[in-house]
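Spelled out from the first residue to the last, the chains are:
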Amino acid sequence: MACISVQCLLLLPTLAILLSLFTSVESSIHIYNRDPFREVGNAYLVSGGSEGVASSRFIPPPRRPFRSTAHDGLSYIRFENITFWRSKAAADQHPTMAYNSGLVQIIIFEAANRDNIGGSPYGGQRSICCTADLAKLEGCKQGEVIRAPSVTDANWPMVLNVNFKGRQLSVQLKKKEVYIKKTGMYNLFFISCDPKLKGMKVSGRTVWKNPDGYLPGRMSPLMKFYAIMTVAYILLTAIWCLQYVRHWQDVLPLQYCITGVIALGLLEMIFWYFDYAYFNNTGARPVGLTSWVVTIGATRRTVSRLLILSISMGYGVVRPTLGGLTTKVLLLGITYFVASILLNITEYVGTINDIAGRARILLVLPDALLDAFLILWIFTSLSKTLEQLQAKRSSVKLDIYRQFSNALAITVIASVAWIGYEVYFKATDPFNERWQGGWIITAFWDILAFGLLCVICYLWAPSQTSQRYAYSDARGEDEDEETESLCKETPQGDIGLIKMDRKEGSDSSDVEDDTQEGKRE
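What counts, and at which threshold
- Residues numbered from 1 in each chain as written.
- Predicted model: local features only at pLDDT ≥ 70, side-chain atom pairs only at ≥ 80, totals over all residues.
- Heavy atoms only, no water.
- Helix = DSSP H or I, 4+ residues; strand = E, 2+ residues; numbered from the N terminus.
- Buried < 20%, exposed > 50% of the residue type's maximum accessible area, 1.4 Å probe, protein only.
- Contact = heavy atoms within 4.5 Å.
- Areas by Shrake-Rupley, 256 points an atom, 1.4 Å probe, with all protein chains shown as cover.
- Polar contact = N/O pair within 3.5 Å; in protein donor to acceptor, adjacent residues only side chain to side chain.
- Pairing = 2+ DSSP bridges.
- Axes fitted to C-alpha atoms, helices over the stretch in contact; angles between N-to-C directions.
- Disulfide = S-S within 2.5 Å.
- Phe/Tyr/Trp six-rings, centres within 6.5 Å; stacked < 30°, edge-to-face > 60°.
- UniProt positions renumbered as here; feature names shortened; annotations may be inferred.
- Parallel < 35°, antiparallel > 145°, perpendicular 65-115°, else oblique.
- Nonpolar A, V, L, I, M, F, W, Y, C, P; charged D, E, K, R; others polar.
- Patch = residues over 30% accessible without salt bridge, like charges linked within 9 Å, V, L, I, M, F, W, Y side chains within 5 Å.
- Salt bridge = Lys/Arg side-chain N within 4 Å of Asp/Glu carboxyl O.
- Core = buried A, V, L, I, M, F, W, Y, C linked by side-chain atoms within 4.5 Å.
- Left-handed = near helix turned anticlockwise from the far one by under 90°.

S.K.: Got a minute to help me understand the overall build of the protein in this structure?
M.R.: Counting secondary structure elements, the protein contains 14 helices and 12 strands. In the protein, which comprises 521 residues, the share counted as buried stands at 47%. Contacts spanning at least 24 positions in sequence make up 78% of the contacts within the protein whose residues lie at least 6 apart. For the protein, the accessible area works out to roughly 26,500 Å², and carbon and sulfur atoms hold 59% of it.

Here is the structure:
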């Protein structure tokens, strides 16, 4: 059942992935395509990006050409073809030969120094632009952004001025690189304090680079993490395949599905590593590759949950099929897959900035509700399965299911605790100043899923007794107990001899004696 659902889910996004496989989008390279300035307080601004950037290992000498590469140890924000456009009506308000007919300022500041931008006259609302009152109090220049120098570096926050001349409709900033000397969360804004420039737009792009490549600071550790997880999945795959090959004649349908989950997990880790490695080396994130990896991830999560639900219902161990529940399980799986892939595409494909609060809630909420419903269904089914096994006194299967239920309970408790920590982490860090440790929020869920998969692989590993433990209603409980004792205390070669003796023995009294002897053992 679960194996069939894997094939069904993989067919859904295939066309979309094939269409976008060879296209790419710039991500650490922030692109502005005639983005309009919006009014905020007494200023007009456009957000140019926000990223964690580590300090440069060295700063190139001034006035000396330096050819930058992805791994040259430099950290910088580079401005390329930044052009500001104003309306003809705004340009016509100035003389043709005016030297300065409009000022646009580019502000770069560290999140820790955010209070160095703006001011508040007489304790009122904070203003970005300098007014007549603030010019007297703060000593700023009227019509410009209020900037107080940082205690550690008087040149920061960094301000770059761009002036319109005469009746120009557009003005371009020369190519420039701003080198980062201090590790921090940096913010970039294009700001104008001139009301005549209302409705202005900006185009061009900025390139944000860390010492080891173009990956944003909070993503950089994830590349190494996915390399480690790839090795872990390879080891799990090797161990599972060894058992699979040794006992291939006794493999159950349930174990086919576990094999599929392991394969999906391995593919997901490999593709995530390549996605981050390509991004780090080029600064561009291919839409096709990222779409493919988030699709594999959504499929893996969906199939994993359906597998856990199926095991909890006794599929492959207590019952051969799910019967009338198959349709409901598949419908839930498809719904969860759609909710999961929508969240992942919005969060990862072609973007590096965090999703806005409302947009994230709209996408996370369906996923969270489906997870809660699945957990409730899983534990309800697991409770019924445990009651059945206890009533039939199937001690071997009961022990396995108790271990599984304990592992599942620990996983749920750890998940709830981590969700609480994640909420606390984000609530107490609204400006992402703790970005260097943010990668663990994502990594934890992959580690937890891998740990639970290892437990399932341990409990239901292929063995020579797999078929004998298949379905409790297909064999008597006495035979299960006898099989358990033979497996524990009898060598492999003797098992076959005892089975042959039982089959070939014609005297019923001999069979009863053998059975009683097996029980005593």
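Once you've had a look at it, read on.
S.K.: Help me understand the side chain of Asn210, please; the structure alone is not making it clear to me.
M.R.: With respect to the helices and strands, Asn210 occurs in the loop between strand E11 (201-209) and helix H5 (220-246). Within the local environment of Asn210, its side chain forms a polar contact with the backbone nitrogen of Ala54, the two atoms lying 2.7 Å apart.

S.K.: When you look at the sheet that holds strand E3 (residues 38-40) in this model, what are you seeing that I'm missing?
M.R.: Within the open sheet, the five strands sit side by side as E3-E4-E10-E6-E7. Their pairing is antiparallel. Edge positions in the sheet fall to E3 and strand E7 (158-164), since each of these pairs with one other strand and no more. Shown here is a sheet whose adjacent strand axes are inclined to one another by a mean of 35 degrees, direction ignored.

S.K.: It is not clear to me how the state of the cysteines should be interpreted in this structure. Could you clarify?
M.R.: Where two cysteines share a covalent bond between their sulfur atoms, that bond is called a disulfide. Evaluated as defined, the whole model comprises two disulfides. Residue pairing for Cys129: its cysteine sulfur links by disulfide to Cys193, the two sulfurs lying 2.0 Å apart. Between Cys129 and Cys193, the disulfide has an S-S torsion of -85 degrees and is therefore left-handed. Separated by 64 residues along the polypeptide, Cys129 in the loop between strand E6 (102-110) and helix H4 (132-138) and Cys193 in the loop between strand E10 (184-192) and E11 bring together distant segments of the chain. A relative accessible area of 3% places Cys129 in the buried class.

S.K.: Help me understand the packing of aromatic side chains, please; the structure alone is not making it clear to me.
M.R.: Describing an aromatic ring pair means giving the distance of the ring centres and the angle of the ring planes. In this structure the tally under the stated criterion is 23 aromatic pairs. Relative to Phe190, the ring of Tyr32 has its centre 5.2 Å away and its plane inclined at 85 degrees; by these criteria the two rings are edge-to-face. Of the two residues, Tyr32 is situated in strand E2 (residues 29-36) and Phe190 in strand E10; the sequence distance between them amounts to 158 residues. Taken individually, Tyr32 and Phe190 each receive the classification buried, so the pair is uniform in this respect. With a centroid separation of 5.8 Å and 15 degrees between ring planes, the pair formed by Tyr226 and Tyr276 is classed as stacked. With Tyr226 in helix H5 and Tyr276 in helix H6 (residues 253-282), the pair connects residues that are 50 residues apart, well separated along the chain. Taken as a pair, Tyr226 and Tyr276 share a single burial class, namely buried.

S.K.: Sorry, what's going on with the UniProt feature "transmembrane region" (unreviewed entry) in the protein here?
M.R.: According to UniProt, the "transmembrane region" (unreviewed entry) feature falls on residues 225-242, 254-274, 330-349, 361-379, 400-419 and 439-461. Summarising residues 330-349: 95% helix, 0% strand, and an end-to-end C-alpha distance of 27 Å.

S.K.: Sorry if this is basic, but what is going on with the packing of helix H10 (residues 395-427) against helix H11 (residues 439-459) here?
M.R.: The axes of two packed helices give the description: the angle between them and the distance between them. Orientation of H10 relative to H11, taken along the N-to-C sense of each, is 180 degrees, at an axis distance of 11 Å. Classified by the angle their axes make, H10 and H11 are roughly antiparallel. In terms of residue class, the contact of H10 with H11 is built from 19 nonpolar, three polar and one charged.

S.K.: Explain a nonpolar patch on the surface to me, please; I cannot follow it from the model alone.
M.R.: A contiguous nonpolar surface patch, about 230 Å² in accessible area, is contributed by Ile334, Val338 and Leu342. You can call Ile334 partly exposed: its relative accessible area is 38%.

S.K.: Where do I start with the pattern of salt bridges in this structure?
M.R.: Pairing of side chains with opposite charge becomes possible as their charged atoms draw close. Scanning the model with the defined rule gives 12 salt bridges in all. For Arg78, the salt bridge identified is with Glu80, shortest N-O distance 2.7 Å.

S.K.: For this particular structure, what's the right way to read the nonpolar core?
M.R.: A general tendency of soluble globular proteins is for nonpolar side chains to be buried together. Ranked by size, the top nonpolar core spans 61 residues in total, and within it Ile258, Trp272, Tyr276, Ile311, Phe404, Ile456 and Trp460 carry the most contacts. Listing elements by their share of this core, those giving two or more residues are H5, H6, helix H7 (287-312), helix H8 (326-348), helix H9 (357-391), H10 and H11. Per element, the largest residue contribution to this core is 12 residues, and it comes from H6. If we skip the residues at most four places from it in the chain, Ile311 touches Leu254, Tyr401, Phe404, Ile456 and Trp460.

S.K.: Sorry if this is basic, but what is going on with the packing of H7 against H8 here?
M.R.: Running from amino to carboxyl end, H7 crosses H8 at an angle of 150 degrees, the nearest separation of the two axes being 9 Å. The two elements H7 and H8 cross, and the hand of that crossing is right-handed. Across the interface between the two elements, Thr290, Val294, Thr295, Ala298, Thr299, Arg301, Thr302, Arg305, Leu306 and Leu309 from H7 touch Val329, Gly333, Tyr336, Phe337, Ser340, Ile341, Asn344, Ile345 and Tyr348 from H8. By residue class, the composition of the contact of H7 with H8 is 10 nonpolar, seven polar and two charged.

S.K.: Explain the side chain of His94 to me, please; I cannot follow it from the model alone.
M.R.: Counting through the fold element by element, His94 comes out in the loop between helix H3 (88-91) and E6. We classify His94 as buried; its relative accessible area is 12%. Residue contacts for His94: discarding those within four places in its chain leaves Arg86, Ser101, Gly166, Arg167 and Lys196.

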